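Each chain, written out:
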Amino acid sequence: MKVVIIVVQKFLIEDIAMKVLVTGGLGYIGSHTCVQLIENGYEPVIIDNQSNSKQEVLNRIELLTGCKPLFFHGDIRDEAFLDSIFSKHDIDAVIHFAGLKAVGESVVKPLEYYDNNVNGSLVLARCMKKANVKTIIFSSSATVYGDPETVPITEDFPTGNTTNPYGSSKHMVEQCLSDLFVSDGTWSITLLRYFNPVGAHSSGIMGEDPQGIPNNLMPFIAQVAVGRRDKLAIFGDDYPTQDGTGVRDYIHVVDLADGHLAALNYLSNKSGLHIYNLGTGTGSSVLDVVNAFSDACGHDIGYEVKPRRAGDIAECWASTQKAEKELGWVAKRTIAEMTVDTWRWQSSNPNGYED
């Protein structure tokens, strides 16, 4: 460890750089969070099995921050691998991103989702307990709320009535971590339920680069805009929404990364079970996003309407008052900024990350 001067919530303090194990740290949200961690005096240690990420991300993190984090290729379901990481590195906290994340794919491959997301999280928690590392921030999801009766969604809404295996796997991990805290109240467990991450680093150096056909809206639109794909498929235009297409709370990935940083700053030394929504508090339809992206790239986005996908719901957006009040965090970037940053990334990297 090295001694540094860091600024945390406007207070100048002398401290030892906190080592944070970031599972899935080469992924879309994980990599942006690593950049924010480094820029705020933390020392990320990344593990990733690269099932949906590339080694080149490490170079991009270094390019943006001047620092290349420690990286270990491995799977969180490999208990011996995790034990070796905890034994060799003085880990202070864990931010847990690793897992499969596509709603539609989870309906087709439920067993893979439960194995990766639930079993992997259990192995991680068991290794943390052995290493006496009791601070974890878990990358959860608004899908734990299922199909809410009303919006905006607050943290005390019922959970568990999920509509797809992806959401069920996130809810199961939340329950496992909640029960862990009940068994040992010295843990600091934070469940961050975020909504729909989009956008890219404003430099255009880092962004979302899904392998294969994108499962999420924004990267699919970006690949259509740059000519990698012919047209966008809009799944359903008969929802009870303003224009018939699904409405979601889209949040810029850098705002989301800052939310993890705020949680780490505020909660790392506070035992408890902490739950926060991370979103903008505003819903946008699929067509809203398509039109905003057309403005960003300067031409129309071709699309066709297809039947609804299994597991999708009509509308979903967050109440973010709790995170703003307790963490001092609020999302700052607009849909226009999200689409402009995504286009800057995709147009500068038309084939994504290239090793």
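Residues numbered from 1 in each chain as written. Predicted model: local features only at pLDDT ≥ 70, side-chain atom pairs only at ≥ 80, totals over all residues. Heavy atoms only, no water.

- Per an unreviewed UniProt entry, the chain goes by the name UDP-glucose 4-epimerase and belongs to Vibrio algivorus.
- The heading Pathway (unreviewed entry) in the UniProt record of the chain holds the text "Carbohydrate metabolism; galactose metabolism."
- UniProt annotates the chain under Catalytic activity (unreviewed entry) with the comment "UDP-alpha-D-glucose = UDP-alpha-D-galactose". (UniProt positions renumbered as here; feature names shortened; annotations may be inferred.)

## Here's the deal with the overall build of the chain
Moving on, step 1. Looking only at helices and strands, the chain features 11 helices and 16 strands.
Moving on, step 2. Relative to the 2.2 N^0.38 estimate, which gives 20 Å for 355 residues, the radius of gyration of the chain is 19 Å and therefore close to what a compact globule would have.
Moving on, step 3. Across its three principal directions, the C-alpha atoms of the chain cover 50 × 40 × 40 Å.
Moving on, step 4. The buried share of the chain, reckoned over its 355 residues, is 55%.
Moving on, step 5. Of all intrachain contacts in the chain linking residues separated by at least 6 positions in sequence, the fraction that spans at least 24 positions is 78%.
Moving on, step 6. In the structure as shown, the chain presents an accessible area of about 15000 Å², 49% of it carried by carbon and sulfur atoms.
Moving on, step 7. In the chain, which carries 29 positive and 44 negative side-chain charges, the distance between the mean positions of the two groups comes to 3 Å. (Helix = DSSP H or I, 4+ residues; strand = E, 2+ residues; numbered from the N terminus. Rg over C-alpha atoms; globule rule 2.2 N^0.38 Å. Buried < 20%, exposed > 50% of the residue type's maximum accessible area, 1.4 Å probe, protein only. Contact = heavy atoms within 4.5 Å. Areas by Shrake-Rupley, 256 points an atom, 1.4 Å probe, with all protein chains shown as cover. Lys, Arg positive; Asp, Glu negative; His and termini not counted. Charge placed at Lys NZ, Arg CZ, Asp CG, Glu CD.)

## Structural notes on the side chain of Thr 342
Moving on, step 1. Tracing the backbone through its elements, the reader meets Thr 342 in helix H11 (residues 335–348).
Moving on, step 2. On the accessibility criterion, Thr 342 (5% relative accessible area) is buried.
Moving on, step 3. One polar contact links the side chain of Thr 342 to the main-chain carbonyl oxygen of Met 338, over a distance of 2.7 Å.
Moving on, step 4. Residues contacting Thr 342, with those up to four places away along its chain left out, are Gly 199, Ala 200, Met 218, Ala 222 and Phe 293. (Polar contact = N/O pair within 3.5 Å; in protein donor to acceptor, adjacent residues only side chain to side chain.)

## A closer look at unusual backbone geometry
Moving on, step 1. Residue Pro 152 is bonded to the preceding Val 151 through a cis peptide linkage, with omega at 5°.
Moving on, step 2. In this structure, Pro 152 sits in the loop between strand S7 (135–141) and helix H6 (165–183).
Moving on, step 3. Unusually for a residue other than glycine, Gln 50 sits at a positive phi of about 60°.
Moving on, step 4. Relative to the helices and strands, Gln 50 resides in the loop between strand S4 (43–48) and helix H2 (56–65).
Moving on, step 5. Although it is not a glycine, Asn 132 sits at a positive phi angle of roughly 60°.
Moving on, step 6. With respect to the helices and strands, the residue Asn 132 is situated in the loop between helix H5 (110–131) and S7.

## Examining the pairing of S4
Moving on, step 1. Here S4 lies mainly inside the structure; 5 of its 6 residues are buried.
Moving on, step 2. Both strand S3 (residues 19–23) and S4 contribute to a ladder of 5 bridges, which runs parallel. From the neighbouring strand, Lys 19 faces S4, where its bridge partner is Glu 43.
Moving on, step 3. Taken together, S3, helix H1 (residues 28–39) and S4 form a β-α-β motif whose crossover is right-handed.
Moving on, step 4. Note that S4 and strand S5 (residues 70–73) share 4 bridges and pair parallel. Bridge assignment links Asp 48 to a residue of S5, and that residue is His 73.
Moving on, step 5. Traced from S4 through H2 to S5, the parallel crossover comes out right-handed. (Pairing = 2+ DSSP bridges. Right-handed = clockwise from strand over helix to strand, strands pointing away.)

## Let's talk about the packing of H1 against helix H8 (residues 253–267)
Moving on, step 1. Relative orientation of the contacting elements H1 and H8 amounts to 60°, with a least axis distance of 8 Å. On the basis of their axis angle, the class for H1 and H8 is oblique. Crossing hand, H1 versus H8: right-handed. For the pair H1 and H8, the contacting residues are Tyr 28, Ile 29, His 32, Thr 33, Gln 36 and Leu 37 in the first and Val 253, Val 254, Leu 256, Ala 257, Asp 258, His 260, Leu 261 and Leu 264 in the second.
Moving on, step 2. Residues that form the contact of H1 with H8 fall into these classes: 9 nonpolar, 4 polar and 1 charged. (Axes fitted to C-alpha atoms, helices over the stretch in contact; angles between N-to-C directions. Parallel < 35°, antiparallel > 145°, perpendicular 65-115°, else oblique. Left-handed = near helix turned anticlockwise from the far one by under 90°. Nonpolar A, V, L, I, M, F, W, Y, C, P; charged D, E, K, R; others polar.)

## Here we look at the sheet that holds strand S16 (residues 315–316)
Moving on, step 1. Read across the open sheet, the 3 strands follow the order S14-S11-S16; overall the sheet is mixed. Both outer strands of the open sheet, strand S14 (284–285) and S16, are each paired with one neighbouring strand and no more.

## What to know about the sheet that holds S4
Moving on, step 1. Reading across the sheet, the 7 strands line up as S5-S4-S3-S6-S7-S8-S13 and stay open at both edges, with parallel pairing between neighbours. Across the chains shown, the open sheet's two edge strands, defined by having one partner strand only, are S5 and strand S13 (272–278). On average, each strand axis in the sheet is tilted by 20° relative to the strand beside it, whichever way the strands run.

## Structural notes on the packing of helix H7 (residues 217–225) against H11
Moving on, step 1. As a packed pair, H7 and H11 sit with axes 10 Å apart at the nearest point and diverge in direction by 55°. What the angle tells us is that H7 and H11 run oblique. The handedness of the crossing between H7 and H11 is right-handed. Residue-level contacts link Met 218, Pro 219, Ala 222, Gln 223 and Ala 225 of H7 to Met 338, Thr 339, Thr 342, Trp 343 and Gln 346 of H11.
Moving on, step 2. Its residues placed into classes, the contact of H7 with H11 shows 6 nonpolar, 4 polar and no charged.

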